[in-house]
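Understanding the architecture of this molecule
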Protein chains: 4
Amino acid sequence: MPQSLDEIRYELALANRMLAHEGVLDAFGHVSVRHPDDQGRYLLSRSRAPELVEPSDILEFTLDSEPLMPPTARLYGERVIHGEIYKARPDVTAVCHHHAPAIMPYCVAGEDVVPIYHLGAVIGVKAPFWDQRHDFGDTNLLVIKPAEGASLAKALGPHWVVVMRRHGATVAGRNLREAVFRSVYSCRNAEYLTQAKSLGTPSPLNRTEAERAADYNLAPGPVGRAWEYWAMRLEKKGEAPPRAAKSAARGAARKSARPAARSKPSARGAKKAARKGRR
Amino acid sequence: MPQSLDEIRYELALANRMLAHEGVLDAFGHVSVRHPDDQGRYLLSRSRAPELVEPSDILEFTLDSEPLMPPTARLYGERVIHGEIYKARPDVTAVCHHHAPAIMPYCVAGEDVVPIYHLGAVIGVKAPFWDQRHDFGDTNLLVIKPAEGASLAKALGPHWVVVMRRHGATVAGRNLREAVFRSVYSCRNAEYLTQAKSLGTPSPLNRTEAERAADYNLAPGPVGRAWEYWAMRLEKKGEAPPRAAKSAARGAARKSARPAARSKPSARGAKKAARKGRR
Amino acid sequence: MPQSLDEIRYELALANRMLAHEGVLDAFGHVSVRHPDDQGRYLLSRSRAPELVEPSDILEFTLDSEPLMPPTARLYGERVIHGEIYKARPDVTAVCHHHAPAIMPYCVAGEDVVPIYHLGAVIGVKAPFWDQRHDFGDTNLLVIKPAEGASLAKALGPHWVVVMRRHGATVAGRNLREAVFRSVYSCRNAEYLTQAKSLGTPSPLNRTEAERAADYNLAPGPVGRAWEYWAMRLEKKGEAPPRAAKSAARGAARKSARPAARSKPSARGAKKAARKGRR
Amino acid sequence: MPQSLDEIRYELALANRMLAHEGVLDAFGHVSVRHPDDQGRYLLSRSRAPELVEPSDILEFTLDSEPLMPPTARLYGERVIHGEIYKARPDVTAVCHHHAPAIMPYCVAGEDVVPIYHLGAVIGVKAPFWDQRHDFGDTNLLVIKPAEGASLAKALGPHWVVVMRRHGATVAGRNLREAVFRSVYSCRNAEYLTQAKSLGTPSPLNRTEAERAADYNLAPGPVGRAWEYWAMRLEKKGEAPPRAAKSAARGAARKSARPAARSKPSARGAKKAARKGRR
């Protein structure tokens, strides 16, 4: 079911606001999605706090992170994070870069963020740690030059979360909802890990547990349930993104914004789902 | 004072939202109640985030966790938690399964959640720890098969709270309000325990303290007072569940949703209560 | 400037809601004030969560904690805390009993709550620890019998805050605003102390610091400034107590509820205050 | 682009409210700005909680912290903090004094607040610790006499943040937005440092990292983006300061309060900014 570009812009603005509302993003950080029709482009907001992003703020970039149109507004300096990961990882369709409070202590102390509970399994078996001093020596700690983005993408490797020394984290997903889900639950995992370390010596999920729990939790059921929840929390506060002005665009956007619609599949589908036992 | 099924559906939706609002549930977790007229059935929402549950989402299940009617919507995968506990514990009328931040560090570190203050006494003398590896080896950490639910119910035994390795907790109650009260205050207890451990070496309530304080706090007075409070907090934010459309149902629902009504007993009852000294 | 009983009822309802809103009280806990015209009576709400208390919920009690009028509603079981402290301490005009999250770890770990910063000085030089086992052995941990209240009052002695083993704290004040101010800032002090202990070995204020800082901060300027702030936060959220129906009462209540009025003294008074340098 | 005094009053009221909303200020603390036309004066609110400050509350003071006009309201007792820093530091145009929860444990434990991540670099290489006992022995811990303010200014020296024993912190900026940005992100830095210390042994940014990251983050792009975000958060909650009554003032204030306006520079400026790669 292909989505129109308007739908995708709306969902991306929604994802930005969700992640701000759930405590992953604040004034800084950003989320992008690969262009649905062109593997060589991606969509990202102009430079503004994620909580404020509107569909009309979303611009198109090449994988070299050059804007397709001459920009009429300031751009994020760290957009190479997105472009370089899309280059290195054809399987990645969405990227979130953040400095969430839950993760920062790990960026600073250099301790590993390891998955420790069923939903934390979405981190994957391992979240590598990127220390840009290895490639660049003393820097401003940011990721602005293409080479810096490429170094980060290399550190990410085949994984889904990379922790960045003294900076934050970058999270990838096979689709936008997965990237949002992984961003939120890797933060929750880090919070519980920090507290568990004050209580005892927690051990990470083993490979089997991590893979099986990730498979289960990244299925459309759990991811869609969380997406509906986060979307409704924004909606109830009047903080969902504004609809586009065009009536056609509005209809499309509304459709994609009503996640409840997809939680009522046909009776046949539901029975099958019930049998398969989606949580 | 028997409640109608409509009243019970309303209260169960309310309980879901309360527990979300008080920080026990998020996108995941669920609360159920046993059918008032049939010990062999229970009521539980279709699969959606607890904060969004409406009375019309509540479905009926057999104790084998099969839906009574062909479902037209996705179901929770972990509903066997509820069914198997109702099978094993005829005295249990309500069950809450959650992954509250307060409890997760204990699930992960494997430290015991012990009652340490008067309201924490509602946990009971002991909260057993369930490690599903004993029965099933490496899993996806969830509770989906009937055998998994039965293993959990066995671990719960005669207690009221069972902590689940790398997953969360499940809480039982003799009625819905008690299950909600126990869920909230076992979380508060865990939070204070975590902090107390950073300050010194807290010791748990002894058996006499735990039993006497639980008896006091689980009486209708304290439980009703907290229930009114949590309900009004939702009401003030416009987050109480919607009333059912049917006028009869609406009247019933309203009655059960106005806890203030029950906090103004007759003068005679009040005097007696005053003499007995309910806090 | 004597206040009418209606004004006092309004302020007491306001104090209950403030303390709930600032995180000191939740479903439980209560605040009282001594009767302005009769040292042998005090005012306290009927049993309900502090956030919900209305002026019309406020009842009168003797110092033996018996209601003056036959109650038409459930009463707090722990009201002897208030009565026995008023008996033992003629200088006390307001009492708050709470189980704030900031304090609970100290109730449980048995570590002393000591003042560690200028606003924390309002605790006083010492906050005694009450362990009811000394007088009563194993109990339900509550304070319901007059002898229990008297034992607590004795432990409080000439101090202003008493920490109660496995239960909470009780805070006294020379007036209602002082009791509220002390309740809030003793909690903040405890929070910072807990964190400071994780960083190093904090030492308490010495007697001179504690006394001088308390003198400064308990003056009408700082206390009134905080009172206005907490009242306006409730007002902005629409959570201030409802006005009484009687027009006379309403006028009085409005006057006492507009703290801004008192923060604009005459030019002469202000100049004097400016010279004295109230923060 | 010089601002009118009305604009500055509006921005200062906004800054007060922002810092309250972002958790830096509560009932206490204050922000000031130097007079735009007279290096020998500064602007500061009358004594009230920062969250409540309105443009009409802003008064003018000499660098000896005397009000220019006879005050008609109570004044902050600690205004010498501002005056003495403006005297000692001609490069400073804005000052914030606060007791943020993030900083207090450091004031109490005496541990250094060191920059540990890219945004924390705005603290500067070093945040000195001021212990007023060295100059004054046992005090009420406040900063009320000119000599106390001068001692604090001396401790600040050429730095931007000074941590005050058992009291709080004072933050300086080359302009108001920088002072606000530094106040917020020095608090975030302290929070992450506290948690990182519980995980391991975090090391501070080295001088090169601290200087380069501060240069980047204190540029108009990042500071403006955060300012827009904090302003919109207030706006969405209806908590922005009221506009002045005068129509001229209103126009001016609106202009300065709509940060979105400045985030849409001309296409030419934007393209240049894009090339320079502001994050």
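In this report, we go over the structure that sits alongside the text. (Residues numbered from 1 in each chain as written. Chains lettered and ligands numbered in written order. Predicted model: local features only at pLDDT ≥ 70, side-chain atom pairs only at ≥ 80, totals over all residues. Heavy atoms only, no water.)

Quick notes on the sheet that holds strand β1 (residues 30–34) of chain D
Residue and element names in this part refer to chain D. Defined as follows: We treat two strands as partners when DSSP finds at least two bridges between them. Secondary structure elements follow DSSP: runs of H or I of four or more residues count as helices, runs of E of two or more count as strands, with numbering from the N terminus. A contact between two residues is defined here by any heavy atoms of the two lying within 4.5 Å. Angles run from 0 to 180 degrees between N-to-C directions of axes, and those axes are lines fitted to C-alpha atoms, restricted for helices to the stretch in contact.
Spatially, β3-β2-β1-β4-β7-β6-β5 is the arrangement adopted by the seven strands of the open sheet, whose pairing is mixed. If you trace the sheet from one side to the other, it starts and ends with β3 (58–62) and β5 (129–130), each paired once. Across five bridges, strand β4 (residues 94–98) lies against strand β7 (residues 168–173) in antiparallel orientation. Residue His97 lies in a different strand from β7, and its bridge partner there is Thr170. Across the face of the sheet, helix α5 (residues 146–156) comes into contact with β5, β6 (161–164) and β7 while running at roughly 125° to β6. Seen against the sheet, helix α6 (residues 176–199) touches β1, β4, β6 and β7 and runs at an angle of roughly 145° to β7.

Topic: the relation of the copies chain B and chain C
The condition is simple: A least-squares superposition brings the copies together, and it is based on the C-alpha atoms of residues with pLDDT no lower than 70 in both.
Superposing chain B onto chain C takes a rotation of 90° plus a shift of 0.0 Å along the axis, which leaves an RMSD of 0.0 Å. The operation mapping one copy onto its partner corresponds to a four-fold rotation axis. When C-alpha distances to the rotation axis are compared across chain B, the minimum falls at Ser198(B), with a value of 5.2 Å.

A look at the interface of chain A and chain B
Think of interface size as the accessible area that goes away when the parts come together; that is how it is often given. Under the convention used in this document: Reported buried area values correspond to the accessible surface (1.4 Å probe) lost by two parts on association, with both partners' losses combined. By definition here, a salt bridge exists when the distance from a side-chain nitrogen of Lys or Arg to a carboxyl oxygen of Asp or Glu is within 4 Å. Throughout this description, a polar contact denotes any pair of N or O atoms lying within 3.5 Å of each other; where both atoms belong to protein, one of them has to be capable of donating a hydrogen while the other can accept it, and for residues adjacent in sequence the pair is counted only when both atoms sit in side chains. Under the grouping applied here, Gly and all other residues not named as nonpolar or charged are polar, the nonpolar ones being Ala, Val, Leu, Ile, Met, Phe, Trp, Tyr, Cys and Pro and the charged ones Asp, Glu, Lys and Arg.
Listed per partner, the contact involves 42 residues of chain A and 42 residues of chain B. Carbon and sulfur atoms make up 60% of the area that chain A and chain B hide from each other, which totals about 3900 Å². Taken together, the connections running from chain A to chain B amount to six salt bridges. Close ionic contact of Glu239(B) with Lys236(A) constitutes a salt bridge, the shortest N to O distance being 3.0 Å. Our count for the contact surface shared by chain A and chain B stands at 14 residue pairs in polar contact (both at pLDDT 80 or more). Put simply, the parts of the chain that give the side of chain A that touches chain B at least two residues each are α6 (176–199), α7 (207–217), α8 (220–236) and α11 (267–276) of chain A. Here the element with the most residues in the side of chain A that touches chain B is α8(A); it accounts for nine residues. Considered class by class, the residues forming the side of chain A that touches chain B number 22 nonpolar, 10 polar and 10 charged.

Here we look at the sheet that holds strand β1 (residues 30–34) of chain A
All names here are of chain A. Across the sheet, which stays open at both edges, the seven strands sit in the order β3-β2-β1-β4-β7-β6-β5 with mixed pairing between neighbours. On the outer flanks of this sheet lie β3 (58–62) and β5 (129–130), each paired with one strand and no other. Pairing between strand β6 (residues 161–164) and strand β7 (residues 168–173): four bridges, direction antiparallel. The partner of Val163 across the bridge, within β7, is Ala169. Across the face of the sheet, helix α5 (residues 146–156) comes into contact with β5, β6 and β7 while running at roughly 125° to β6. Against the sheet, α6 makes contact with β1, β4 (94–98), β6 and β7, and its axis sits at roughly 145° relative to β7, the strand it touches most.

Considering the packing of aromatic side chains
Defined as follows: Any pair of Phe, Tyr and Trp rings, taking the six-membered ring for Trp, is counted once the centres come within 6.5 Å. Such a pair is stacked with planes under 30 degrees apart, edge-to-face with planes over 60 apart, and tilted for the rest. Classification of residues uses two cut-offs on accessible area relative to the type maximum, computed with a 1.4 Å probe and protein chains only: under 20% is buried, over 50% is exposed, and between them is partly exposed. As a reminder, the over-ring test applies to NZ of lysine and CZ of arginine, requiring each to be within 6 Å of the ring centre and within 35 degrees of the ring normal.
Counted by the stated rule, this structure contains 32 aromatic pairs over all chains. Ring geometry for Tyr117(A) against Tyr192(A): centres 5.2 Å apart, planes inclined by 70°, an arrangement best described as edge-to-face. Placement of Tyr117(A) in the loop between α3 (104–109) and β5 and of Tyr192(A) in helix α6 is noted, with a sequence separation of 75 residues between them. The buried category is assigned to Tyr192(A), whose relative accessible area is 5%. Here the aromatic rings of Phe181(C) and Phe28(D) are separated by 6.1 Å at their centres, their planes lie at 85°, and the arrangement is edge-to-face. With Phe181(C) in helix α6 (residues 176–199) and Phe28(D) in the loop between α1 (5–21) and β1, this pair bridges two chains. Comparing Phe181(C) with Phe28(D), the two get one shared label, buried. Connected via pairs of aromatic rings, a cluster forms that spans Phe28(A), Phe181(D), Tyr185(D) and Trp230(D). The ring of Trp160(A) is capped by Arg89(A), whose NZ or CZ atom sits 4.6 Å from the centre of that ring.

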